[in-house]
Structure formats: C-alpha cells, structure tokens
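# Per-entry structural report
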Amino acid sequence: MNAKVPAAGAKADIGRALRIGVIGAGVMGSNHARVLAGLPGVLLIGIVDPLPEHRARAIDLVGCRAFESLDQLLAEGIDAVTIAAPTHLHHEIALACIARNVHILVEKPVASTVEEGREIVAAAERAGVTLMVGHVERFNPAVAAIKQAISGEDILSIGITRVGPFPPRMSNVGVVIDLAVHDIDLIRWFTESDIVEVQPQLSSAVAEREDIALLQFRTASGVLAHINTNWLTPFKARNVTVATRGKYVMGDLLTRQVTECFGFKPDGSYSMRHLPVGHDEPLRAELIAFLDAVRSGKLPAVSGDEGVASLEIAIRCLESPARPAASTIRKGPRRVAG
C-alpha cells in the first residue's frame with residue numbers, strides 16, 4: 001500500500017494560476033472541464049478531442065478552447081492535465097505529458113494493462129511530476145462518512161453492490177473494469193490492506209464481455225469482502241455495508257445516507273443512528289485534491305501505485321478460472337433399505 005512521494009521541486013508556483021488542460025471531451029472529460037473552469041486559481045487552457053462533434057459540445061458546455069491534438073494543447077504551455085480519454089490511450093498520453101513535465105490526473109483504470117500502469121508510475125517518479133488516479137468514488141461524501149465511521153475498528157467483512165442498466169455508450173470492457181474496479185479500490189482503502197485472494201464468478205448474459213460479476217476477496221489483514229455488480233438491473237444501486245466487531249455500517253452512495261448500528265446486547269437489541277454526510281460534488285473534491293497535490297508537491301490522494309494495484313486485482317478477476325462446485329450427480333440410484 002506504499003507509494004513514493006513525488007521528487008522535491010515538483011510543486012507548482014503557488015503564486016500564479018495553474019494552467020490546466022483536459023484530454024478527452026466525452027461525458028467525463030466535459031465534466032472535468034466544467035468543474036475546472038469554475039475553480040479559483042485555475043486557468044483552463046482548453047480541451048482536446050479528435051472528434052469535431054465532441055469539441056463542439058465542449059465549447060458549448062464550457063466555453064473553453066478546443067484542440068484537435070495533444071501537441072496543440074502542450075504548445076500552449078500547461079502545468080497539468082486531466083486524462084479522460086479511452087483507457088487504451090492512457091499510456092501513450094500520460095507518457096507524452098510526463099515527458100513535458102506536466103502533472104497528470106488519469107481517470108480509472110490507470111491503463112489497459114498492469115505493465116503499462118507501472119510504466120506510467122515509473123516515468124512520473126523519474127520526472128518528479130504528480131500522478132493521481134481518478135478513483136472518484138473515494139470523494140463521495142457517503143464513502144468519506146463510512147471511512148470515518150470504521151476508522152480504528154476491527155473490520156470483519158465488506159459487501160458492495162454496484163448495479164445498473166446496460167450503458168448506452170459503447171464499451172470495450174465489461175463490468176469488472178468499468179464498475180468493480182471502483183469497489184476494489186474502496187476495499188483496499190477501507191481496510192488499508194492488500195487483496196491477497198480472489199474468487200470471481202463471471203457471466204456474459206447479453207453482452208460479449210462479462211455483464212455479471214460476483215467477486216469474493218480476502219485481504220492480507222483477514223477481511224472478507226464481496227462485490228456484486230451487473231449491467232442487468234433496470235435501476236442504479238450503489239450500496240456498501242461494513243461489519244466490524246463493534247458496529248455495522250450501511251451506506252447508500254446515491255442517496256448519500258449512512259447508518260451506523262452499534263451497542264449490541266446479548267438479547268439482540270442495539271442502537272442505531274444516521275451519520276452526518278457532506279454535500280460536495282465528488283468530482284469537484286477530487287480535482288481540488290489533485291490541484292492541491294500539484295501545488296504542494298505532496299503525495300496525491302490516490303497514488304499511481306494504488307491505481308495500478310486495483311487494476312491488477314481487477315485483471316486477476318478476469319483471468320482467474322471459476323472454481324467448479326463439487327458434483328452432486330449420483331452415478332446410480334440411491335439404495336433403498338427395506
């Protein structure tokens with residue numbers, strides 16, 4: 001769970017506005033640009049996308065400049081970028097930016113492969129630039145409330161449900177990389193422990209790639225965890241439960257309601273309370289954290305090493321063969337006494 005701090009001298013000039021660019025003008029990239037354009041101490045230089053219709057939408061939504069290529073943006077002189085391009089382009093784009101000493105936030109997953117992710121991390125460390133991975137769910141106020149509630153507790157188990165309808169956008173990944181990687185990161189963050197055992201059950205019901213995943217894990221600290229995710233549910237649901245020796249915490253990440261059960265008695269009674277939850281927009285909080293790391297040179301909220309570790313577990317889920325259940329088929333009729 002350890003990650004290196006960026007090299008000394010990497011922090012940006014605090015006395016001037018940071019010149020920021022966004023790479024990718026899809027839904028996520030457009031939201032990055034929208035939020036960055038409204039932050040103090042930030043000068044949004046523009047957004048990059050090869051598709052004219054994406055550039056036009058970004059201009060209408062944000063009112064910023066739009067560039068056809070990364071080189072055009074880099075030529076403007078920028079301090080940092082957020083990368084919201086398709087995952088298979090993360091490696092190439094990140095290395096190009098790092099080579100120009102540009103700080104980067106790259107959306108999850110950090111890369112298409114673990115090897116590419118490690119190359120990005122190594123390049124950022126050599127250059128002394130900030131690298132943060134966009135696991136935005138950590139910045140959900142409900143997740144923050146859960147994290148605070150279980151701080152110092154002896155965690156026993158974690159259950160996470162993340163389901164919804166099939167996404168309208170075309171995707172070259174299944175639910176493990178698209179959805180479950182969020183929760184793999186949360187399990188590692190909640191437990192502050194690495195995942196050492198993976199037991200996946202996957203199915204492709206209506207899509208070419210897996211659209212149902214039931215994933216079980218064990219962490220190095222002994223916590224049992226499971227993730228239930230699919231693209232077959234007609235509505236979105238995002239729920240987290242954490243059992244510790246002293247309490248049981250339930251969180252709805254969409255409604256941002258977090259409830260804590262505690263004070264368990266031998267007769268089965270217990271106390272319950274709703275925990276206070278903030279109202280920050282997760283993406284805004286994430287981008288502010290990234291910019292703070294750029295300005296200070298300190299370790300970002302989600303390091304490159306953490307992003308690679310979560311990607312590695314997700315890929316293990318896709319590569320691990322499901323364990324067959326013990327056969328219950330009898331070879332002959334049961335003998336009847338009598």
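The sections below set out a description of the structure shown in this document. (Residues numbered from 1 in each chain as written. Predicted model: local features only at pLDDT ≥ 70, side-chain atom pairs only at ≥ 80, totals over all residues. Heavy atoms only, no water.)

### Some details on the overall build of the protein chain
Stated formally: Note on conventions: DSSP H or I runs of at least 4 residues are helices, E runs of at least 2 residues are strands, and numbering of each starts at the N terminus. Think of it in three bands: residues with accessible area under 20% of the maximum for their type are buried, residues over 50% are exposed, and the middle band is partly exposed, with areas taken using a 1.4 Å probe on protein chains only. Contacts between residues were defined by any pair of non-hydrogen atoms, one from each residue, lying within 4.5 Å. Accessible surface area values rest on a Shrake-Rupley calculation with a 1.4 Å probe, where residue burial reflects the displayed protein chains alone.
When its secondary structure is counted, the protein chain shows nine helices and 14 strands. The burial tally for the protein chain puts 50% of its 338 residues in the buried class. Expressed as a percentage of contacts within the protein chain between residues at least 6 apart in sequence, the contacts between residues at least 24 apart total 67%. Carbon and sulfur atoms make up 53% of the accessible area of the protein chain, which totals about 16700 Å².

### Some points on the sheet that holds strand S7 (residues 155-163)
Short version of the rule: Paired strands, as defined in this entry, are two strands with at least two bridges between them according to DSSP. Under this scheme, a helix contributes an axis fitted over its contacting stretch, all axes are lines through C-alpha atoms, and angles between N-to-C directions fall in the 0 to 180 degree range.
Taken together, eight strands build an open sheet; the order of strands is S8-S9-S10-S7-S11-S12-S13-S14 and the sheet is mixed. Only two strands of the sheet have a single partner each, and these edge strands are strand S8 (195-203) and strand S14 (271-274). Strand-to-strand twist of the sheet, defined as the mean angle between neighbouring strand axes without regard to direction, takes the value 10°. Packing of helix H6 (residues 141-149) onto the sheet brings it into contact with strand S11 (237-244), strand S12 (247-252) and strand S13 (257-262), and relative to S12 it is tilted by some 175°. Across the sheet, helix H7 (residues 175-191) lies against S7, S8, strand S9 (212-219), strand S10 (224-230) and S11, angled at about 155° from S7, the strand it touches most.

### Remarks on a nonpolar patch on the surface
To be explicit about the condition: Every patch collects residues that have over 30% relative accessible area and no salt bridge, joining them within 9 Å if they carry like charges and within 5 Å if they are nonpolar side chains (Val, Leu, Ile, Met, Phe, Trp, Tyr). Should a side-chain nitrogen of Lys or Arg be within 4 Å of a carboxyl oxygen of Asp or Glu, the pair is scored as a salt bridge.
A grouping of Tyr248, Met250, Phe264, Tyr270 and Met272 is seen on the molecular surface, where their side chains present a nonpolar patch of about 480 Å² in accessible area. In this fold, Met272 is placed in strand S14. Since its relative accessible area comes to 48%, Met272 is described here as partly exposed.

### Quick notes on helix H8 (residues 282-296)
Our working definition: The span expected for a helix works out to 1.5 Å for each residue beyond the first.
The first and last C-alpha atoms of H8 sit 21 Å apart over 15 residues, in line with the 21 Å expected at 1.5 Å per residue. For H8, the complete set of buried residues consists of Pro282, Leu283, Glu286, Leu287, Ala289, Phe290, Leu291, Ala293, Val294 and Arg295. Looking one or two places after H8, you find Gly297, whose phi comes out positive at around 80°.

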